[in-house]
Amino acid sequence: MRDIFEPRFEPAKSIYLAFQGEAAKRKGRKVEEWVKAEREAVFRECTQQAQMRGLHSPTMDEVTAAERYAMGSIDYGAKWAYQLARVMEPVAGQAH
């Protein structure tokens, strides 16, 4: 069965999958541990996607802000990934 929230396009798809992969490891961890691990996994994936695609590489503060934006949404992981994809977009007229 397909995950109805999974983004279909990059870089949001890879960011979402990185989050989901880490979220699957929550069992047995303290909340603080899995929150930190998920943020770090998302941050690493954003950095990798940015380097591969010539996009802005978000800071950890931007990753955390995007996570806060998504909190409480039924599609939390997807909303987080889409927000980061927007943050990563190149600004018109700026070099990478």
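The structure this text deals with has already been given above.
All values reported here derive from a predicted model rather than from experimental measurement.

**Topic: the packing of helix H1 (residues 12-23) against helix H4 (residues 76-88)**
- With their axes 8 Å apart at the nearest point, H1 and H4 run at an angle of 135° to one another. Here H1 lies oblique to H4, going by the angle between them. Our pair here, H1 against H4, has a crossing hand that is right-handed. Contacts between H1 and H4 involve Ala12, Ile15, Tyr16 and Phe19 from the first element and Tyr76, Gly77, Ala78, Trp80, Ala81, Tyr82, Leu84, Ala85 and Met88 from the second.
- Here the contact of H1 with H4 is composed, by residue class, of twelve nonpolar, one polar and no charged.

**As for the packing of aromatic side chains**
- Evaluated as defined, the whole model comprises three aromatic pairs.
- Ring plane angle 70° and centroid distance 5.5 Å describe the contact between Phe19 and Trp80, whose orientation is recorded as edge-to-face. Residue Phe19 is found in helix H1, and its partner Trp80 is found in helix H4; the two are separated by 61 residues along the sequence. In terms of burial, Phe19 and Trp80 fall into one category: buried.
- Taking 5.7 Å as the distance between ring centres and 40° as the angle between the ring planes, the aromatic pair formed by Tyr76 and Trp80 counts as tilted.

The rules behind each value
- Note that residues are indexed from 1 along each chain, following the sequence as it is written.
- Local features in a predicted model are, by the rule used here, given only for residues with pLDDT of at least 70; side-chain atom pairs are given and counted only at 80 or more, and totals for whole chains, interfaces and linings are based on all residues.
- For side-chain calculations, the full set of non-hydrogen atoms in the structure is used, while hydrogens and water are omitted.
- In this description, a line fitted to the C-alpha atoms serves as the axis of each element, helices being fitted only across the stretch in contact, and the angle between N-to-C directions of two axes falls anywhere from 0 to 180 degrees.
- Here a strand is any run of E in DSSP of at least two residues, a helix any run of H or I of at least four, and the numbering for each starts at the N terminus.
- Any angle between 65 and 115 degrees counts as roughly perpendicular, while under 35 counts as roughly parallel, over 145 as roughly antiparallel, and the rest as oblique.
- The handedness criterion is simple: a crossing whose near helix is rotated anticlockwise from the far helix by less than a right angle is left-handed, and one whose near helix is rotated clockwise is right-handed.
- The contact definition used throughout considers only heavy atoms, calling two residues in contact when any of these lie within 4.5 Å.
- Polar here means any residue outside two lists: the nonpolar Ala, Val, Leu, Ile, Met, Phe, Trp, Tyr, Cys and Pro, and the charged Asp, Glu, Lys and Arg; Gly therefore counts as polar.
- Pairing of aromatic side chains here covers Phe, Tyr and the six-membered ring of Trp, requires ring centres within 6.5 Å, and sorts the geometry by plane angle: under 30 degrees stacked, over 60 edge-to-face, intermediate tilted.
- Residue burial is assigned from relative accessible area. The probe radius is 1.4 Å, only protein chains are included, and a residue is buried under 20% of its type maximum, exposed over 50%, and partly exposed in between.

Everything listed here is a matter of geometry and, on its own, says nothing about what the molecule does.
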